[in-house]
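A structural walkthrough
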Amino acid sequence: MTPEPATKDSLLALLQPHGQEHLLHFWDQLDEAARQRLATQLLAVDWASMDSWIRDYVQKEPDTALPPNLEPAPHYPLAPRSPAEAAIYDGARRRGETLLHEGHVAGFMVAGGQGTRLGYDGPKGTFPISPLRQKTLFQLFAESLVRAQAKYGAAIPWFIMTSPGNDAATRTFFKEHAFFGLKPDDVFFFTQGTMPAIGLDGKILLQAPDSLALSPNGHGGSLLALRQSGALDRMRKRNIQHLSYWQVDNPLVQMVDPLFIGLHDLTNSDLSSRGLVKTGPTEKLGNYCQVNGKLTIIEYSDMPEALAAAKGPDGRLRFRIGSPAIHVLRRDFIERLTEGGRLSLPLHRAVKKVPCVDEQGAPAKSHHPNAVKLEMFIFDALPLANHPLILEADRAEQFAPVKNPTGVDSVESSQRLQQERAIRWLEAAGVTVPRQPNGALDGTLELSPRRFLDRDDVVAAGPTLAAPLPGAATVYE
Ligand code: UTP
């Protein structure tokens, strides 16, 4: 049975208690299709929470005072420091390999962001990023998964979170490229939720006469979207126990790392995270901290300068471990967090310039930030997790984010880091890589992830790999 279409009266009854009737200002001028578009958006808003969000995040600035007893979080080091630790790491790696081999691990990538800083028109995953072949982010991940599945002898289902704005384009891109060799049944797209932008006067904004000003609700929204889309059910049916999480903008990420997955599993961790030694006190990474024994992340923007720069007795930064947004989550944990179809994570506010309409329905010109956008962040699940852990990652091997067109975390820096890793892997395999007098690579290099998932793959192929010619563009496929 199709539900009754919403009427103006039924919507007014919904909006009036929240003082948001202005959202129907253009109703009488809209045709039926436009009315129902707007009605669908209005009915999807979490009205039970809206008044408190407006009160707590728009009408006042939330209290961001840091707890006085903030401590650096403990972490597992990159390499074991003792024979006992080495035994733990060996056992964890074996456990991770078994979990992968038995098909209990899925990939979970968030790709719903708007990529504003990169200024690229299209889903960020369709951005070409490999130095020579210009493979897109999606292609690099897909090819790596093809190789990982062969390596572990099992399917590794891939859950990709899109947003309403880029879902169709993302699906089309995968279809057009025949899923880059993955089985379509192993790739599952789901769309994240949205949040309306709220004007500084507490009124939700219309972006058009028949549409709220909606934007994705942050990567934290992925947890609820996993439940609402049926992805969690699908995982349960396939006996997936752990989700290996990464962001669409890091082409160097090791998508499924047996050591990390095994350590997470053996320690009964609900949510495990990789940590990087920060390049300095102001690097734009969240800081891993501990408050009253609970692990938490304090964003770089909320960390007072003095605390960020504080040094320990060893002369190193006290808060030196930052987050590259690489995690493993237990499926049971996500089920628990989203029980009853609700997710309680704190919201983060950003005051932004948001396009909206004026009284006549024409685009309003705003030269100043005019609205609050609210987002949830996945790392806010850390204090809710049992036995969370942090495992240090090797920055050069795993982190080359593409956030900006130029400068820090840019296309240029990412491509350089991709090449530097390729050089290290080739040299580890005994291949002589030509260098310029200043030590830089003489030429351009690319390793195809379809064949070379990790250093071991290159080392194993070492004797068969010809050295690159000086000044040449060399692709190893
Ligand atoms: P960023 O915080 O870098 O945001 O996202 P962004 O939207 O990609 O880029 P800017 O800030 O507008 O320039 C980090 C990761 O989280 C995903 C992004 O796709 C990226 O993988 N993300 C972010 C979502 O999936 N949904 C969101 O609502 C926000």
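Criteria and cut-off values
- Residues numbered from 1 in each chain as written.
- Predicted model: local features only at pLDDT ≥ 70, side-chain atom pairs only at ≥ 80, totals over all residues.
- Heavy atoms only, no water.
- Helix = DSSP H or I, 4+ residues; strand = E, 2+ residues; numbered from the N terminus.
- Rg over C-alpha atoms; globule rule 2.2 N^0.38 Å.
- Buried < 20%, exposed > 50% of the residue type's maximum accessible area, 1.4 Å probe, protein only.
- Contact = heavy atoms within 4.5 Å.
- Areas by Shrake-Rupley, 256 points an atom, 1.4 Å probe, with all protein chains shown as cover.
- Lys, Arg positive; Asp, Glu negative; His and termini not counted.
- Charge placed at Lys NZ, Arg CZ, Asp CG, Glu CD.
- Near = heavy atom within 4 Å.
- Polar contact = N/O pair within 3.5 Å; in protein donor to acceptor, adjacent residues only side chain to side chain.
- Pairing = 2+ DSSP bridges.
- Salt bridge = Lys/Arg side-chain N within 4 Å of Asp/Glu carboxyl O.
- Core = buried A, V, L, I, M, F, W, Y, C linked by side-chain atoms within 4.5 Å.
- Phe/Tyr/Trp six-rings, centres within 6.5 Å; stacked < 30°, edge-to-face > 60°.

Time to look at the overall build of the protein chain. The helix and strand tally for the protein chain stands at 14 helices and 22 strands. Since a compact globule built from 477 residues should have a radius of gyration of about 23 Å, the 24 Å found for the protein chain is in line with a globular shape. Once the C-alpha set of the protein chain is aligned to its principal axes, its extents read approximately 75 × 55 × 50 Å. A burial count over the protein chain gives 52% of its 477 residues as buried. Expressed as a percentage of contacts within the protein chain between residues at least 6 apart in sequence, the contacts between residues at least 24 apart total 76%. Summed over all atoms, the accessible surface of the protein chain reaches about 21900 Å², with 51% contributed by carbon and sulfur. Of the charged side chains in the protein chain, 50 are positive and 54 negative; the average position of the first set lies 3 Å away from that of the second.

Turning next to the site of the ligand. By nearness alone, 18 residues border the ligand, and Gly-112, Thr-116, Arg-117, Gln-192 and Lys-403 come closest of all. In the model, an oxygen atom of the ligand is placed 2.7 Å from a nitrogen or oxygen of the Gly-112 main chain. Here an oxygen atom of the ligand and a backbone polar atom of Gly-218 are 2.8 Å apart. Isolated, the ligand exposes 570 Å² of accessible area, and the fraction of that covered by the protein chains is 86%.

Let us look at the side chain of Ser-410. Within the element layout of this structure, Ser-410 appears in the loop between helix H12 (395-398) and helix H13 (411-428). Classification of Ser-410 as buried rests on a relative accessible area of 0%. Not counting chain neighbours up to four residues away, the residues in contact with Ser-410 comprise Pro-401, Val-402, Asn-404 and Pro-405.

Let us now look at the pairing of strand S12 (residues 286-291). The side chains of a regular strand alternate, residue by residue, between the two faces of the sheet. Buried residues dominate S12, accounting for 5 of its 6 residues. Relative to strand S14 (residues 321-323), S12 runs antiparallel, the two sharing 2 bridges. If you follow Asn-287 over to S14, its bridge partner there is Gly-322. Judged from the 5 bridges that link them, S12 and strand S13 (residues 294-298) form a sheet pairing that is antiparallel.

Moving on to unusual backbone geometry. The backbone of Ala-178 shows a phi angle near 50 degrees, a positive value even though the residue is not glycine. With respect to the helices, strands and loops of the structure, Ala-178 is situated in the loop between helix H6 (167-176) and strand S4 (187-191).

Let's shift gears to helix H9 (residues 258-266). Counting buried positions over the 9 residues of H9 gives 8, a clear majority of the element. If you check which residues of H9 are buried, you get Pro-258, Leu-259, Phe-260, Ile-261, Gly-262, Leu-263, His-264 and Asp-265. If you check the start of H9, you find a side-chain oxygen 3.1 Å away from the backbone N of Leu-259, and it comes from Asp-257. Just downstream of H9 lies Asn-268, where phi reads positive at about 55 degrees.

A separate point is the pattern of salt bridges. Per the counting criterion, the structure on display carries 33 salt bridges. A salt bridge links Arg-342 to Asp-46; the nearest nitrogen and oxygen atoms lie 3.3 Å apart. You can see Arg-342 sitting in the loop between helix H11 (331-337) and strand S16 (348-352) and its partner Asp-46 sitting in the loop between helix H2 (32-44) and helix H3 (47-58), a full 296 residues away along the chain. Among the salt bridges present, the one from Asp-457 reaches Arg-147, with a minimum N-O distance of 2.9 Å. Highlighted residues: Asp-457 in helix H14 (residues 455-461) and Arg-147 in helix H5 (residues 137-152), separated in sequence by 310 residues. Owing to a relative accessible area of 10%, Asp-457 belongs among the buried residues under this scheme. Connected through salt bridges with shared partners, the residues Asp-233, Arg-236, Arg-331, Asp-332 and Glu-335 form a single ionic network.

Within the largest apolar cluster, 65 residues are counted, with the highest numbers of intra-cluster contacts made by Leu-42, Leu-223, Leu-226 and Leu-329. With 44 residues, the next largest nonpolar core counts Met-109, Ala-148, Val-248 and Met-255 among its residues.

What follows deals with the sheet that holds strand S6 (residues 198-199). The strands making up a sheet associate through hydrogen bonds between their backbones, and the pairing can be parallel or antiparallel. In spatial order, the strands read S6-S19-S16; together these 3 strands make up an open sheet with antiparallel pairing. Edge strands, defined here as strands with exactly one partner in the open sheet, are S6 and S16. Direction of pairing for S6 relative to strand S19 (residues 371-375): antiparallel, over a ladder of 2 bridges. Bridged to Ile-198 within S19 is Val-372.

For the coordinates displayed, the defined rule picks out 16 aromatic pairs. Relative to Phe-127, the ring of Tyr-120 lies with its centre 5.0 Å away and its plane at 90 degrees, an arrangement referred to as edge-to-face. The partly exposed category is assigned to Tyr-120, whose relative accessible area is 27%. Owing to a relative accessible area of 13%, Phe-127 belongs among the buried residues under this scheme. Both rings, one in Phe-173 and one in Phe-180, keep their centres 6.0 Å apart while their planes meet at 45 degrees; by these two values the pair is tilted. As far as burial versus exposure is concerned, Phe-173 and Phe-180 are alike and both buried.

The values are spatial; any link to function lies outside them.
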